[in-house]
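In case you want the letters, here they are:
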Amino acid sequence: MPIILIPIILITIIIFIYLLITKNLIKTFRYKHLPCYDAKHHFINGAQFLSKSRSTPDRTIAINLAKQAADEADRSIALDPNDAASHVLKALALDAQGYTTSALTALDVALSPLTAKSLSDAERGEALFKRAEIKKVSCCKEERVDSVFEDLVESVKLYGENAEAFWMLGECYEKKGRREEAVRAYEKAVRIDPACGARDALKRLGSGLVLDIETQPARE
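Summarised in this report is the structure supplied together with it. (Residues numbered from 1 in each chain as written. Predicted model: local features only at pLDDT ≥ 70, side-chain atom pairs only at ≥ 80, totals over all residues. Heavy atoms only, no water.)

Quick word on the overall build of the protein
Reasoning step 1: From N to C terminus, the protein includes 11 helices and zero strands.
Reasoning step 2: Listed N to C, the secondary structure of the protein is α-α-α-α-α-α-α-α-α-α-α in terms of helices and strands.
Reasoning step 3: Taken across its 220 residues, the protein has 36% of its residues classed as buried.
Reasoning step 4: Within the protein, counting contacts between residues at least 6 apart in sequence, those at least 24 apart form 47% of the total.
Reasoning step 5: Split by element, the accessible area of the protein, about 13,700 Å² in all, is 59% carbon and sulfur. (Helix = DSSP H or I, 4+ residues; strand = E, 2+ residues; numbered from the N terminus. Buried < 20%, exposed > 50% of the residue type's maximum accessible area, 1.4 Å probe, protein only. Contact = heavy atoms within 4.5 Å. Areas by Shrake-Rupley, 256 points an atom, 1.4 Å probe, with all protein chains shown as cover.)

Focus: the pattern of salt bridges
Proximity of charged atoms lets side chains of opposite charge pair with each other.
Reasoning step 1: One pass over the full model with this rule turns up 14 salt bridges.
Reasoning step 2: Across the pair R131 and D108 runs a salt bridge whose closest N-O atoms are separated by 2.8 Å. Here the residue R131 occupies a position in helix α6 (residues 121-138), and D108 occupies one in helix α4 (residues 100-110), the gap between them amounting to 23 residues.
Reasoning step 3: According to the relative accessible area criterion, D108 is partly exposed, its value standing at 39%.
Reasoning step 4: Salt bridges here are not isolated pairs; linked through shared partners, they connect D108, R131, K135 and D151. (Salt bridge = Lys/Arg side-chain N within 4 Å of Asp/Glu carboxyl O.)

That is the geometry; function is a separate question.
Structure (structure tokens):
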């Protein structure tokens, strides 16, 4: 064999090995991450169904769309059970159908240590608020205040831009007889959203914040 052919043969072998390794790596990556891509696809479909459910005035159609959203959430969870967003989506879809107990169970899973780490602080705060909101109407009176209160305290720590969370927290403080803390929570709610219903509570409790807001000139 001529000496000049030896480098050519070696280069050919190296290129062949490189292409073979690259092909196997791509195949491994594709199949390793395929469930996650499919899970996201089902999640997006579910979110779209839920959005349509909330926007339609027809109750029957809305419930049917919410059911489809829950089904897509289940498909996403089956592929990626540690993604909290899919559990939250399922909870919202179940709540839209009136299944509050099942919705709470889904939120409990979403907020469990194993799955909650996939949520940002703001997302966890919103999920805690939603759980508190559902508990408020579904739990018995003895359990309601303390359980809702705990979720709301944590919620506003994680995400302090939700006026409704502060409003509801103020209501909990009032029920516990903690007037000053209730006023502070209501005031935070009104500062975030001046049109928030917490204004009425502040008027009732004699807070000066509402008067200050009402006397401010309107912005052009």
